[in-house]
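# Architecture and fold: a report
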Amino acid sequence: MRVIPYARQQVSDADVRAVEEVLRSDWLTQGPVPPRFEKAVADYCAVPYGVAVNSATSALHLACRVLGVGPGDRVWTSPNSFVASANCALYCGADVDFVDVAPDSGNLCPEALARKLAAAQRYGALPKVVIPVHFAGRPCAMAAIAELAGRYGFRIVEDASHALGARYPDGRVGDCRYADLTVFSFHPVKLITTGEGGLVTCRDPALADALQRLRSHGITRDPGRLTRSAHGPWYYEQIELGYNYRMTDIQAALGLSQLRRLDEFIARRRVLARRYRDLLANLPLDLPAQDPGEYSAWHLYVVRLADHDIRARVFEALRRQGIGANVHYIPIHTQPYYRELGFDWGDFPAAEDHYRRALTLPLYPQLAEADQDRVAGALREALA
Ligand SMILES: *Cc1c(COP(=O)(O)O)cnc(C)c1O
């Protein structure tokens, strides 16, 4: 039986040639290709700066660092996400809290955020940073969230791991019109891949500079930043505690080559999403909602069944037929590590209800229509 995964990278001969060229060159890392990849992604997003790193997890960590997140600070994010969206704040010694999601989209709910901010202001416990997550590739209600940022004085990091190529009604995700920083992931299940990899976009040159320094040990050679006069041309200084979070030339070459096909990938994902909508129209499940004018990158196709038991039964029926269904996401606050911090089931009911009913169906550019028909047929049979 041929297995249909829920997601899969598409690697072309051109991608392989691009990587091979780097392997035969002088530089495997810290060479010329990462800056070219950064510029290409930044140009794509219509934003001045892109800083490439070795994963979105690292990108989120650095984003918190450059915004000055530290002990005593609060960072809020969506419970309906991968654990990395919250762990970044804990790396910095800050406290994490969550804002429940909107039931239709699974995205951080601006009304819930407004209520939580009003309460937090009374206790003097406002967040320093809020990290909305564009779940499944559908942009969050960023205008409303940015308006609250203006009123309550927090900074915004968009976790756009699912949303490279998605658009707001008035711009491109990553252009930072609503955020201080936007983070992308290039893990193989995401929109394009570098194997492992991530990237931060921003408009502020000081943030870009800090990101570049922190991804490479906190070291600078910039004469304007040296605290002593240079001992010679070899001289550098470590001026803060950074990391080795660099992206290699090998990864960046793959990313550059993949980026050329991003629009094609998303166009294909959109065709398949429309096909799912038609194929699944009369089944007892909720299809992913979409607003007019909205442009999702369609990273995931997540349907919601009537309840947990039906979801579990359908999941197993699909798996038995070689269909790699998945579930996104187990709410972060219900993970044992987060329960140790004081969170529990019941804290964020909309995210929990989403989790109990969610089922991710296979969606990736080279998914054949016959295979998609097989998925829909198996789903129909399991629900009969
Ligand atoms: C994949 C993902 C991450 C982490 O990305 P890596 O590149 O694997 O570190 C973070 N947030 C979300 C929402 C993701 O889907």
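Whatever comes next refers back to the structure up there.
Here we summarise the structure given alongside this text. (Residues numbered from 1 in each chain as written. Predicted model: local features only at pLDDT ≥ 70, side-chain atom pairs only at ≥ 80, totals over all residues. Heavy atoms only, no water.)

Over the atoms rolls a probe the size of a water molecule, and in doing so it shows where empty space is left. Considered as a void within the structure, the largest pocket measures approximately 480 Å³ in volume. Along its surface, the largest pocket is lined by 19 residues, and Q30, Q212, R215, S216 and R246 are the ones closest to its centre. When residues of the lining of the largest pocket are traced back to their parent elements, those giving at least two are α2 (33–45), α7 (205–214) and β10 (219–220). A breakdown of the residues in the lining of the largest pocket according to their chemical character gives six nonpolar, five polar and eight charged. (1 Å grid on protein atoms, 1.4 Å probe; cavity = no way out; pocket = protein on both sides within 12 Å on 5 of 7 lines; lining within 4 Å. Points joined across faces, edges and corners; volume = space filled by probe spheres on them. Helix = DSSP H or I, 4+ residues; strand = E, 2+ residues; numbered from the N terminus. Nonpolar A, V, L, I, M, F, W, Y, C, P; charged D, E, K, R; others polar.)

Bringing the site of the ligand into the picture now. Close to the ligand lie 16 residues; T57, D159, H162, S185 and K190 are nearest. A56 places a main-chain nitrogen or oxygen 2.9 Å from an oxygen atom of the ligand. Between K190 and the ligand, the recorded distance is 3.0 Å, taken from a side-chain N or O atom to an oxygen atom. The protein chains hide 93% of the 380 Å² of surface that the ligand would expose on its own. Breaking the shell around the ligand down by element, the ones donating at least two residues are α3 (56–66) and α4 (84–91). (Near = heavy atom within 4 Å. Polar contact = N/O pair within 3.5 Å; in protein donor to acceptor, adjacent residues only side chain to side chain. Areas by Shrake-Rupley, 256 points an atom, 1.4 Å probe, with all protein chains shown as cover.)

Under the definition given, this model contains twelve aromatic pairs. Taking 6.4 Å as the distance between ring centres and 45 degrees as the angle between the ring planes, the aromatic pair formed by Y338 and F343 counts as tilted. Against the face of Y295 rests R167, its NZ or CZ located 4.1 Å from the ring centre. (Phe/Tyr/Trp six-rings, centres within 6.5 Å; stacked < 30°, edge-to-face > 60°. Lys NZ or Arg CZ within 6 Å of the ring centre and 35° of its normal.)

Here we take up the sheet that holds strand β9 (residues 198–202). Taken in spatial order, the seven strands line up as β1-β9-β8-β5-β4-β2-β3 in an open sheet, and their pairing is mixed. Where the open sheet ends on each side, the last strands, each with one partner, are β1 (49–53) and β3 (95–98). Each neighbouring strand pair of the sheet contributes to a mean axis angle of 20 degrees, computed without reference to strand direction. For strand β8 (residues 181–185) and β9, the ladder comprises four bridges, and the chain directions are antiparallel. Of the residues in β9, the one forming a bridge with F184 is L199. Where helix α5 (residues 110–123) meets the sheet, it contacts β2 (74–77), β3 and β4 (129–131), and its direction lies at approximately 160 degrees from that of β2. Taken strand by strand, α7 contacts β1, β5 (155–159), β8 and β9, and its axis lies near 15 degrees from that of β1. (Pairing = 2+ DSSP bridges. Axes fitted to C-alpha atoms, helices over the stretch in contact; angles between N-to-C directions. Contact = heavy atoms within 4.5 Å.)

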